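Listed here are the chains, written in short residue letters.
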Amino acid sequence: SRKHSDLLRALAKHHREQLILVVGEAGSGKSVAVRNLCKQLIGRFQEPGWRGSLPGAKPLLPFYMSLRQWVTTWTADSPPTVDEVRESLRKFIVDEMSRCLTGAHKHTVEEWFDSLLESKRVLLVLDAFDEIRALLDADSVETDTSVGGGNRKQQTELLRAIAQGVESYFQQ
């Protein structure tokens, strides 16, 4: 479809970027588009003569991860540091990959993932950023400016801390 080809063209155009954000209204098809992009890239690995890359880029191996399952203990009162987000995200990704790659030892998956990440040969597609449980929990707290209340400033700081940690992950 048009959305999927536009997304593929955007990735090809910005293939040197380490972080690309797909934004849109709820229900606009972002998740479907990025999942189809992953399927398209994986399918191209199977084509004769194709090296699985975007034009002008290194071969990419896409990994789709829904952050909806990423469980953290962060709160609006106690946002994480950039390093805490980075380590938590890495653990979540490795755990999810280990779960999907039955029979693989977690240590082997960690080494494999780290080498892919270091070589810039992996395309991490992180979906459902707005559905991270810590953010949903922070949003459900009443807007209360009293001490200990989860006010909008604290919620914004939590969102900013998580976003900065995720962004730093791609700048390693």
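Residues numbered from 1 in each chain as written. Predicted model: local features only at pLDDT ≥ 70, side-chain atom pairs only at ≥ 80, totals over all residues. Heavy atoms only, no water.

Colleague: Got a sec to walk through the overall build of the chain? Specific residues and values, please.
Modeller: Each helix and strand in the chain was counted, giving 6 helices and 2 strands. Secondary structure elements of the chain, listed N to C terminal, follow the sequence α-α-β-α-α-β-α-α. When the 172 residues of the chain are sorted by exposure, 35% land in the buried category. A separation threshold of at least 6 residues defines the contact pool for the chain, and within that pool the share at least 24 residues apart is 68%. By element, 53% of the accessible surface of the chain is carried by carbon and sulfur atoms, the whole surface being about 10700 Å². (Helix = DSSP H or I, 4+ residues; strand = E, 2+ residues; numbered from the N terminus. Buried < 20%, exposed > 50% of the residue type's maximum accessible area, 1.4 Å probe, protein only. Contact = heavy atoms within 4.5 Å. Areas by Shrake-Rupley, 256 points an atom, 1.4 Å probe, with all protein chains shown as cover.)

Colleague: Go over the side chain of T72, please, and point to the residues and values.
Modeller: Checked against the element boundaries, T72 lands in the loop between β1 (61-66) and α3 (82-100). Apart from the residues within four sequence positions on either side, T72 is in contact with S88 and A134.

Colleague: Residue-level account of the packing of aromatic side chains, with values.
Modeller: Using the criterion set out here, one finds 3 aromatic pairs in the structure. Residues F63 and W112 carry aromatic rings whose centres are separated by 5.7 Å and whose planes lie at 85° to one another, so their mutual orientation is edge-to-face. Highlighted residues: F63 in strand β1 and W112 in helix α4 (residues 106-118), separated in sequence by 49 residues. Take F63: its relative accessible area is 15%, and that puts it in the buried class. An aromatic cluster is built from W70, W74 and F92, whose rings are joined through pairwise contacts. (Phe/Tyr/Trp six-rings, centres within 6.5 Å; stacked < 30°, edge-to-face > 60°.)

Colleague: Explain the pattern of salt bridges to me, using residue names and the numbers behind them.
Modeller: Applying the stated criterion across every chain, the model contains 6 salt bridges. In this structure, the salt-bridge partner of D83 is R86, at a minimum N-O distance of 3.3 Å. Of this pair, D83 and R86 both sit in helix α3, 3 residues apart, which is roughly one turn of the helix. Residue D83 is classed as exposed on the basis of its relative accessible area of 53%. R86 gets classed as partly exposed once you look at its relative accessible area, which sits at 26%. Of the charged contacts, one joins R99 and E96 as a salt bridge, the two residues approaching to 2.8 Å between their closest N and O atoms. With R99 and E96 both in helix α3 and 3 residues apart, this pair spans about one turn of that helix. By relative accessible area, which is 55% here, R99 ends up exposed. On the basis of relative accessibility, which here comes to 18%, the residue E96 falls in the buried class. (Salt bridge = Lys/Arg side-chain N within 4 Å of Asp/Glu carboxyl O.)

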